[in-house]
Amino acid sequence: MAIDLVEEILLRLPLKSILEFKTVSREWRSILESRRFAERRMSLAKKKLKILAVVGKQRPKSPPRFKGGDAEIEMVYLQCGDDKPTSLTCNGLVCLPTMVDYIAWMFGHGIRMVFDRNYFRILDVNTGEWRKLGPPPYKIHPTRKSACVNSCIYWLDFYGQRDSKILALDLHTEEFRDVPLPAPYRPYSLTARIVNLEDRLAIADTCTRDAEWRLEIWIMADSYETTSWSMTYCIVLPDTLVSLGELQGCLYFYESDKRLFKYDPNTALLSCLSPDIYGVLSPLVENL
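Residues numbered from 1 in each chain as written. Predicted model: local features only at pLDDT ≥ 70, side-chain atom pairs only at ≥ 80, totals over all residues. Heavy atoms only, no water.

- The chain has the name F-box domain-containing protein in an unreviewed UniProt entry, where Eutrema salsugineum is given as its organism.

## Section: the overall build of the chain
Now for step 1: A tally of helices and strands in the chain yields four helices and 22 strands.
Now for step 2: For the chain, buried positions account for 42% of its 288 residues.
Now for step 3: For the chain, long-range pairs separated by at least 24 residues make up 43% of all intrachain contacts whose partners lie at least 6 apart in sequence.
Now for step 4: With an accessible surface of roughly 15,800 Å², the chain has 51% of that area assigned to carbon and sulfur atoms. (Helix = DSSP H or I, 4+ residues; strand = E, 2+ residues; numbered from the N terminus. Buried < 20%, exposed > 50% of the residue type's maximum accessible area, 1.4 Å probe, protein only. Contact = heavy atoms within 4.5 Å. Areas by Shrake-Rupley, 256 points an atom, 1.4 Å probe, with all protein chains shown as cover.)

## A short note on the pattern of salt bridges
Now for step 1: Tallied over the entire structure, the rule returns nine salt bridges.
Now for step 2: The closest approach of N and O atoms between Arg12 and Glu8, which form a salt bridge, is 3.1 Å.
Now for step 3: Glu39 is the partner of Arg35 in a salt bridge, and the nearest nitrogen-oxygen pair spans 3.0 Å. You can see Arg35 and its partner Glu39 sitting in helix H4 (residues 35-45), four residues apart, about one turn around the helix.
Now for step 4: Ionic contacts of the salt-bridge type, sharing partners, join the residues Glu7, Glu8, Arg12, Arg36 and Arg40 into one network. (Salt bridge = Lys/Arg side-chain N within 4 Å of Asp/Glu carboxyl O.)

## Things to note about the nonpolar core
Within soluble globular proteins, side chains that are nonpolar tend to cluster in buried spots.
Now for step 1: In terms of nonpolar packing, the biggest core is built from 17 residues, with Tyr154, Ile166 and Trp229 touching the most fellow members.
Now for step 2: Counting residues per element, this core draws most heavily on strand E11 (residues 152-157), at three residues.
Now for step 3: If we skip the residues at most four places from it in the chain, Ile166 touches Tyr138, Tyr154, Trp155, Leu156, Arg177, Asp178, Val179, Pro180, Leu181, Ile194, Ile203 and Trp229.
Now for step 4: One finds Phe115, Ile122, Tyr138 and Cys148 within the second-largest nonpolar core, a separate group that totals 15 residues. (Core = buried A, V, L, I, M, F, W, Y, C linked by side-chain atoms within 4.5 Å.)

## Some remarks on the sheet that holds strand E17 (residues 229-236)
Now for step 1: Reading across the sheet, the four strands line up as E14-E15-E16-E17 and stay open at both edges, with antiparallel pairing between neighbours. Lying at the two open borders of the sheet, with one neighbouring strand each, are strand E14 (193-196) and E17. Shown here is a sheet whose adjacent strand axes are inclined to one another by a mean of 30°, direction ignored.
Now for step 2: Relative to strand E15 (residues 201-209), E14 is paired through four bridges, and the arrangement is antiparallel. Residue pairing across strands places Val195 opposite Ala202, the latter belonging to E15. (Pairing = 2+ DSSP bridges. Axes fitted to C-alpha atoms, helices over the stretch in contact; angles between N-to-C directions.)

## Digging into the pairing of strand E8 (residues 119-124)
Now for step 1: Relative to E8, strand E7 (residues 111-114) runs antiparallel, the two being bridged by four bridges. Of the residues in E8, the one forming a bridge with Arg112 is Arg121.
Now for step 2: Taking the residues that link successive antiparallel strands as the turn, the E7-E8 hairpin has four residues, and the phi of Asn118 there is positive, at about 55°.
Now for step 3: Where E8 and strand E9 (residues 129-132) come together, four bridges link them in antiparallel fashion. Each bridged residue has a counterpart across the sheet, and for Leu123 the counterpart in E9 is Trp130.
Now for step 4: A loop of four residues connects E8 with E9, the two strands running antiparallel in sequence, and Gly128 in this loop sits at a positive phi of about 75°.

## A look at the confidence of the model for the chain
A low pLDDT score tells you not to read the predicted coordinates there in detail.
Now for step 1: Per-residue confidence for the chain gives a mean pLDDT of 75; residues scoring 70 or more make up 67%.
Now for step 2: The lowest-confidence element of the chain is strand E18 (residues 241-247), averaging 62 in pLDDT; the highest-confidence one is E9, averaging 91. (pLDDT = per-residue confidence, 0-100.)

## Digging into a nonpolar patch on the surface
Now for step 1: On the surface, Leu123, Val125 and Trp130 cluster together into a nonpolar patch covering about 290 Å² of accessible area.
Now for step 2: Relative to the assigned elements, Trp130 resides in strand E9. (Patch = residues over 30% accessible without salt bridge, like charges linked within 9 Å, V, L, I, M, F, W, Y side chains within 5 Å.)

## Describing the environment of Phe253
Now for step 1: Positionally, Phe253 belongs in strand E19 (residues 250-255).
Now for step 2: C-alpha of Phe253 to C-alpha of Tyr263: the two residues are 10 residues apart in sequence and 8.4 Å apart in space.

## Structural notes on the packing of aromatic side chains
Now for step 1: All chains considered together, the criterion is met by three aromatic pairs.
Now for step 2: When the centroid spacing of 6.3 Å and the interplanar angle of 90° are considered together, the rings of Tyr233 and Tyr263 count as edge-to-face. Of the two residues, Tyr233 sits in strand E17 while Tyr263 sits in strand E20 (residues 260-264), which places them 30 residues apart along the sequence. You'll find Tyr233 and Tyr263 in the same group, each marked buried.
Now for step 3: A cation sits over an aromatic face here: Arg112 above Trp130, 4.0 Å from the ring centre.
Now for step 4: The cationic tip of Lys165 hangs over the ring face of Tyr138; the distance from NZ or CZ to the ring centre is 4.4 Å. (Phe/Tyr/Trp six-rings, centres within 6.5 Å; stacked < 30°, edge-to-face > 60°. Lys NZ or Arg CZ within 6 Å of the ring centre and 35° of its normal.)

In structure tokens:
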């Protein structure tokens, strides 16, 4: 069988089968462990609408598959008991902090820090061990969620409107730097989140304008040298925002009443897809 045909077949197999087929032959192992195969597999996976929901002991009553506009969405449920862990996602990798005193910790992918203990560590992926990391220039509140975008980890800190700032850690240089907030924006409330939307840094925040509860999303330009922002979305909401993600050009988010929503920027249509989603919501992409 031609190599190109073998690769096309292997690309469409379940992840478990791909891992098992590495033992078939040296030729197949070479294909499955190549960077080209991993990138093609990732490209195919991003075309499928899958959403990860971290749930409690009871699974939601909603069906695992349902129509979301013109696409079919598959819900993948991860049961974690009664606690609501803070999840972090990046290119298919999901991080769920489960430490007993995790509320005092700051996390990022491969990063963990505790300011009160002067503990700053970064994971060395070559050795699998944690090593020391230089301390950040200032303290960040431990409950602030991070976002990983283009090999940088960002935290949006909130100590009042005048003192709010974004701290960035470059994972290549292991150096911290400040990122200016979009002007004239200042965080309206503690619900403000920093997120990764299609590999771009974004701030999602809720506010009340003209007697309406709205979600505003500011997205940063791709340029590293010049930081500029634009308010890309302004969506009228039924309730408080909890988390969001983007799949195939549409925004998906859930709010405090456990409802899953889809917003289509082309039609400005906001629709409820599920009434009983519980926990942390993240776009799910398989990654080799």
